[in-house]
Amino acid sequence: MSMMRCYLVLFLSLAAVTAYTFSPSERHYGSQVLRITPQNEADLEWLRDFERNYENALDFWQGPTRLLNRGVDVWVPKSMIRQIRELLLENEMQFNVMIPDVQGVIDEQFTKMAGRTRPSTLADFDYSVYHPYDEIRQWVLDMATDHRDIVSEFLVTESYEGREMRAIKISVKPNAAKKSIWFEGGIHAREWISPATVMYIANQLVTDYKSGDQRVVKILESWDVFIVPSLNVDGYAYTWATERMWRKTRSLNPDFGCVGTDANRNWPYKWGGDGASPWACSNTYRGETALSEVEMKAITSYALARTKEQEIRIFIDWHSYAQLWLAPWSYDDAVELPPESPDQLKAAQAGVDAQFAVHAFEYIAGPSARILYEASGASNDWGFGGLGAKYSYVMELRDTGEYGFLLPEDQIIPCGEENYAATLALAEYVLDNDF
Ligand code: 0X9
Ligand code: ZN
């Protein structure tokens, strides 16, 4: 063997065993997530005030919703635990500790991941674990290379910090009558189950199509599928390197000391109304203007251009957590629902039934502002009102408040399975009833 080849072999084998050592540097020792369960309307009213008063000091993983039996999950730093517990007791709120040691869960999950190596081929890509951004980007490239007959990839934009945001299109046989499905994951950085689930679904569609699964063949002969696995790429990278609980983008807000915009308050439809903050330090900061974020500008113009060629009829923005299908409207709970609402909810219900049939996990479908809370400048409103996709949803994945955003890896595949079933059911429902 020549000296050169010898070095090359040595280099390659070293590269193969170089394990990654991610671990966020921000630490949250002693912090807890408390779950407060409203017993009646008066409790809910109190919780809404509580959120208003503390939204700048505490991170509401799940704010007060319109669903009486759903809890409010609030992440409390160690220094405030006594004060918040006393406040809840004084006001006779029922609560329990949902996560007794947030840092403990984060540490445990990163320890489990330490020592893993990068997948060297697509065949090595493990759908049952979470992946750092580089690997997601590489997955996009590999999907297009290894399945070039039906998968293509494209660059949506470079992010604020200069990362490539890439996406795939699954398209079998050109057929003028096809319509499109649009899935985007990872708009909220810390909701790791979202990119993991959309990648699972993409792989399953391709695999099942290639093995001749008749349901999938029929679906893909009618629908092209766009999948953007990770929309908020800078935020996602930040959750691996620095702050596991980061939600927003990473753009600087020159007039404020705080970084980032809530990309899901930055969509250009009913931007800047209720349920979106004008304050840059808020986790629901709407941004300086609609589409102030480069990622959002790129994704909206890309989707608008695509729908002109081949109507995007199904649009899902994947989030966690709460197990909900959220249909328009998001921006106002009092505004009349669109005439399409009954169809949107019926189609979602077909998905809910399919989800339940797989692992008996219950999802609930409804109009977002009425069953959850108001949020203006949100994706499902733009998908419907701006893009014109009749079946436009925010999907909140697992769980309903055991681990929340820190969903363990052993739930990725089950979550993928039930949501793959939901995807097929939704695509079929629309195909059969309203194509
Ligand atoms: O608040 C959000 O952006 C979404 N929930 S999350 O916990 N993933 O952040 C929900 C947005 C859907 N719209 C309304 N709730 N109105
Ligand atoms: Zn979210």
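**Description of the coordination of the zinc ion (ligand 2)**
- Distances from the zinc ion (ligand 2) to its protein donors, His188 (ND1), Glu191 (OE), Glu191 (OE) and His319 (ND1), fall at 2.0 to 2.3 Å.
- Between consecutive donor residues of the zinc ion (ligand 2), the sequence gaps follow H-x2-E-x127-H. In this pair, Glu191 is assigned in the loop between strand 7 (179-184) and helix 6 (193-210) and His319 in strand 9 (residues 312-320), connecting sequence segments 128 residues apart. You'll find Glu191 and His319 in the same group, each marked buried.

**A closer look at the sheet that holds strand 2 (residues 59-62)**
- With antiparallel pairing, four strands are arranged side by side in an open sheet as 2-3-1-4. Whereas interior strands pair on both sides, the edge strands pair on one side only; in this sheet they are strand 2 and strand 4 (94-99). When strand polarity is set aside, the average angle formed by the axes of neighbouring strands in this sheet is 30 degrees.
- Direction of pairing for strand 1 (residues 32-37) relative to strand 3 (residues 72-76): antiparallel, over a ladder of five bridges. Of the residues in strand 3, the one forming a bridge with Val33 is Trp75.
- Each of strand 1, strand 3 and strand 4 touches helix 3 (residues 81-90); the most contacted strand, strand 1, lies at about 5 degrees to it.

**Comments concerning the state of the cysteines**
- Tallied over the full model, the rule gives one disulfide.
- One disulfide in the model links Cys258 with Cys281; its S-S distance is 1.9 Å. In this structure, the disulfide formed by Cys258 and Cys281 twists by about 90 degrees around the S-S bond and is classed as right-handed. Of this pair, Cys258 sits in the loop between helix 8 (233-241) and helix 9 (294-309) while Cys281 sits in the loop between helix 8 and helix 9, and the two are 23 residues apart along the sequence.
- On the basis of relative accessibility, which here comes to 23%, the residue Cys258 falls in the partly exposed class.
- Residue Cys281 is classed as partly exposed on the basis of its relative accessible area, which comes to 29%.

**Concerning helix 13 (residues 412-433)**
- For helix 13, with 22 residues, the first-to-last C-alpha span of 31 Å sits near the 32 Å given by 1.5 Å per residue.
- With 16 of 22 residues buried, helix 13 lies mostly within the body of the structure.

**Overview of the site of ligand 1**
- Near ligand 1 lie 16 residues; those nearest to it are Arg247, Arg265, Ser330, Tyr373 and Glu396.
- Note that a nitrogen atom of ligand 1 is positioned 3.1 Å from one of the side-chain N or O atoms of His319.
- For ligand 1, a nitrogen atom lies 2.6 Å from a polar atom in the backbone of Tyr373.
- About the coverage of ligand 1: the protein hides 99% of its 410 Å² of free accessible area.
- Among the elements of the structure, strand 9 and helix 11 (368-371) are those that each provide at least two residues to the shell around ligand 1.
- The residue inventory of the shell around ligand 1, partitioned by class, reads five nonpolar, six polar and five charged.

**Re a nonpolar patch on the surface**
- On the surface, Tyr160, Leu252 and Val294 cluster together to form a nonpolar patch covering roughly 280 Å² of accessible area.
- Summarising the element assignment, Tyr160 is placed in the loop between strand 5 (151-158) and strand 6 (164-170).
- Under the relative-accessibility criterion, Tyr160 is labelled partly exposed at 41%.

**Looking at the packing of helix 10 (residues 341-359) against helix 13**
- Relative to each other, helix 10 and helix 13 sit at 145 degrees, their axes nearing to 8 Å. Where helix 10 crosses over helix 13, the handedness of that crossing is right-handed. Of the residues in helix 13, those in contact with Lys346, Ala347, Ala350, Gly351, Ala354, Gln355, Val358 and His359 of helix 10 are Pro414, Glu417, Glu418, Asn419, Ala421, Ala422, Ala425, Leu426, Tyr429 and Val430.
- Here the contact of helix 10 with helix 13 is built from residues that sort into eleven nonpolar, four polar and three charged.

**Side note on the side chain of Lys179**
- Looking at the element boundaries, Lys179 is found in strand 7.
- The buried charged residue Lys179 lacks any salt bridge, with Glu311 as its nearest oppositely charged partner at 4.0 Å.
- Residues in contact with Lys179, not counting those within four places in the same chain, are Ser222, Trp223, Asp224, Gln310, Glu311, Arg313 and Phe435.

**Let's talk about the side chain of Asp73**
- Mapped onto the elements, Asp73 comes out in strand 3.
- In this structure the side chain of Asp73 is engaged in a polar contact, spanning 2.7 Å, whose partner is the side chain of Arg35.
- Discounting residues that sit within four places of it in the chain, Asp73 has contacts with Val33, Leu34, Arg35, Asp59, Phe60, Trp61, Gln62, Met98, Tyr321 and Gly401.

**With respect to the pattern of salt bridges**
- The final tally for this structure, using the stated rule, is 27 salt bridges.
- When the shortest N-O distance is used, the salt bridge between Arg27 and Asp107 registers 3.0 Å. With Arg27 in the loop between helix 1 (3-17) and strand 1 and Asp107 in helix 4 (residues 102-113), this residue pair connects regions lying 80 residues apart in the sequence.
- Classification of Asp107 by relative accessible area gives partly exposed; the value is 25%.
- Across the salt bridge formed by Glu164 and Arg166, the nearest N and O atoms sit 2.7 Å from each other.
- Bridged by salt links that share partners, the residues Glu311, Arg313, Asp343, Lys346, Lys390 and Asp434 form one connected network.

About the cut-offs
Residues numbered from 1 in each chain as written. Chains lettered and ligands numbered in written order. Predicted model: local features only at pLDDT ≥ 70, side-chain atom pairs only at ≥ 80, totals over all residues. Heavy atoms only, no water. Donors = N, O, S within 2.8 Å, 3.2 Å for Na, K, Ca; no water. Helix = DSSP H or I, 4+ residues; strand = E, 2+ residues; numbered from the N terminus. Buried < 20%, exposed > 50% of the residue type's maximum accessible area, 1.4 Å probe, protein only. Pairing = 2+ DSSP bridges. Axes fitted to C-alpha atoms, helices over the stretch in contact; angles between N-to-C directions. Contact = heavy atoms within 4.5 Å. Disulfide = S-S within 2.5 Å. Expected span 1.5 Å × (residues − 1). Near = heavy atom within 4 Å. Polar contact = N/O pair within 3.5 Å; in protein donor to acceptor, adjacent residues only side chain to side chain. Areas by Shrake-Rupley, 256 points an atom, 1.4 Å probe, with all protein chains shown as cover. Nonpolar A, V, L, I, M, F, W, Y, C, P; charged D, E, K, R; others polar. Patch = residues over 30% accessible without salt bridge, like charges linked within 9 Å, V, L, I, M, F, W, Y side chains within 5 Å. Salt bridge = Lys/Arg side-chain N within 4 Å of Asp/Glu carboxyl O. Left-handed = near helix turned anticlockwise from the far one by under 90°. Lys, Arg positive; Asp, Glu negative; His and termini not counted.

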